[in-house]
Amino acid sequence: MNHIGLYLKKIHNRLRAEQNCALKALGVTGTQLDFLEYLYHCPDGHNTLSDLAAFFDVKHTSALHVVKILEQNHLLIREPAPTDSRCRQLLLTDTAIEIVTKNEAAIMRKEKQLTRGFSEEELNTLQQLLSRLYQNLETSDTP
């Protein structure tokens with residue numbers, strides 16, 4: 001008998017393998033893409049190195065390392081913020097925007113594949129169940 005955890009693991013492994021292939025074709029790592037997506041969708045005025053470090057809960061130096069790589073790969077530009085010239089805002093290049101939009105389109109295609117044949121009611125139920133699984137994980141007292 002298969003357990004829910006086994007199905008979740010199989011789905012995760014399959015999606016991760018496909019994502020790794022796609023990221024390689026785009027020329028970025030998962031972490032780099034996460035940073036680009038944050039900057040693409042971030043609210044106005046929340047596009048600094050400190051914002052990235054806080055959002056991803058990483059050390060400033062770790063965020064800086066990723067930002068430097070993105071700069072070297074011509075995916076983002078650091079320039080003085082309009083409100084405070086001591087602060088640098090992070091701006092995506094056209095290439096970075098293209099990478100993010102390609103990735104988002106790929107995610108939408110994958111989601112359509114995963115949910116093919118599901119009714120609207122089934123999709124709503126699935127979303128509720130997955131949300132409950134996640135909430136249970138977040139509120140668990142045991143590791």
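The coordinates are above.
### Details of helix H4 (residues 60-72)
Along an α-helix, residues three or four positions apart point the same way, because every turn accommodates 3.6 residues.
Here's step 1: Look at H4: 18 Å from first C-alpha to last across 13 residues, which is about the 18 Å you get at 1.5 Å a residue.
Here's step 2: Listing the buried residues of H4 in full gives Ala63, Val66, Val67 and Leu70. With its buried residues spanning 100 degrees around the axis, H4 presents them on a single face. Those residues of H4 that are exposed and aimed more than 90 degrees away from the buried face are Thr61, His65 and Gln72.
Here's step 3: Elements in contact with the buried residues of H4: helix H2 (30-41), helix H3 (49-56), strand S1 (76-80) and strand S2 (88-92).

### Concerning the packing of H2 against H4
Here's step 1: Between H2 and H4, whose axes approach to 10 Å, the crossing angle comes to 85 degrees. It follows that H2 is roughly perpendicular to H4 by the angle criterion. Every residue of H4 that contacts H2 at Thr31, Gln32, Phe35 and Leu36 is listed here: Ala63, Val66, Val67, Ile69 and Leu70.
Here's step 2: Residue classes in the contact of H2 with H4 are distributed as seven nonpolar, two polar and no charged.

### Thoughts on a nonpolar patch on the surface
Here's step 1: A cluster of nonpolar residues, Ile4, Leu8, Phe118, Leu126, Leu130 and Leu133, forms a patch on the protein surface that exposes about 520 Å² of accessible area.
Here's step 2: Elements that contribute at least two residues to the nonpolar patch include exactly helix H1 (4-26) and helix H6 (120-138).
Here's step 3: For the nonpolar patch, the element with the highest residue contribution is H6, accounting for three residues.
Here's step 4: Positionally, Leu133 belongs in helix H6.

### What to know about the side chain of Gln89
Here's step 1: Along the chain, Gln89 falls in strand S2.
Here's step 2: Residues in contact with Gln89, not counting those within four places in the same chain, are Asn47, Ile77, Arg78, Glu79, Pro80, Ala81 and Pro82.

### A look at the pattern of salt bridges
Here's step 1: A complete count under the given rule lists four salt bridges for this structure.
Here's step 2: Note that Glu18 and Arg14 form a salt bridge whose closest N and O atoms lie 3.2 Å from each other. With Glu18 and Arg14 both in helix H1 and four residues apart, the pair spans about one turn of that helix.
Here's step 3: The exposure class assigned to Arg14 is exposed, which follows from its relative accessible area of 57%.
Here's step 4: With a closest N to O distance of 2.5 Å, Lys110 and Glu18 form a salt bridge. Placement of Lys110 in helix H5 (residues 94-114) and of Glu18 in helix H1 is noted, with a sequence separation of 92 residues between them.
Here's step 5: Since its relative accessible area comes to 21%, Lys110 is described here as partly exposed.
Here's step 6: When salt bridges that share partners are traced, they join Arg14, Glu18 and Lys110 into one network.

### With respect to the state of the cysteines
Here's step 1: Scanning the entire structure with this criterion turns up zero disulfides.
Here's step 2: No disulfide involves Cys87; its sulfur sits 12 Å from that of Cys42, the nearest cysteine.

How each quantity is defined
- Each chain has its residues counted from 1, running along the sequence as written.
- Given that this is a predicted model, residues contribute local features only at a pLDDT of at least 70 and side-chain atom pairs are listed and counted only at 80 or more, while totals for whole chains, interfaces and linings are drawn from all residues.
- Processing note: side-chain calculations cover all non-hydrogen atoms of the structure and skip hydrogens and water entirely.
- The secondary structure listing takes helices from DSSP runs of H or I that are at least 4 residues long and strands from runs of E that are at least 2 residues long, numbered from the N terminus.
- Expected helix span is taken as 1.5 Å per residue step, with the number of steps being one fewer than the number of residues.
- Three exposure classes are used, based on accessible area relative to the maximum for each residue type with a 1.4 Å probe and protein chains only: buried under 20%, partly exposed in between, and exposed over 50%.
- Comment: arc refers to directions from the helix axis out to C-beta atoms.
- Only heavy atoms matter for contacts: two residues are in contact if any of them lie within 4.5 Å across the pair.
- Fitting a line to C-alpha atoms yields each axis, with helices limited to the stretch in contact; the angle taken between N-to-C directions then spans 0 to 180 degrees.
- Between 65 and 115 degrees an angle is taken as roughly perpendicular, under 35 as roughly parallel, over 145 as roughly antiparallel, and anywhere else as oblique.
- Under the grouping applied here, Gly and all other residues not named as nonpolar or charged are polar, the nonpolar ones being Ala, Val, Leu, Ile, Met, Phe, Trp, Tyr, Cys and Pro and the charged ones Asp, Glu, Lys and Arg.
- Patch construction takes residues with relative accessible area above 30% that form no salt bridge. Like charges are linked within 9 Å, and nonpolar side chains (Val, Leu, Ile, Met, Phe, Trp, Tyr) are linked within 5 Å.
- In this description, accessible areas are obtained by the Shrake-Rupley approach with a 1.4 Å probe, and a residue is regarded as covered only by the protein chains that are shown.
- By definition here, a salt bridge exists when the distance from a side-chain nitrogen of Lys or Arg to a carboxyl oxygen of Asp or Glu is within 4 Å.
- Put simply, a disulfide is two cysteine sulfurs that come within 2.5 Å.

Honestly, that's just the spatial picture; any functional story needs more than this.
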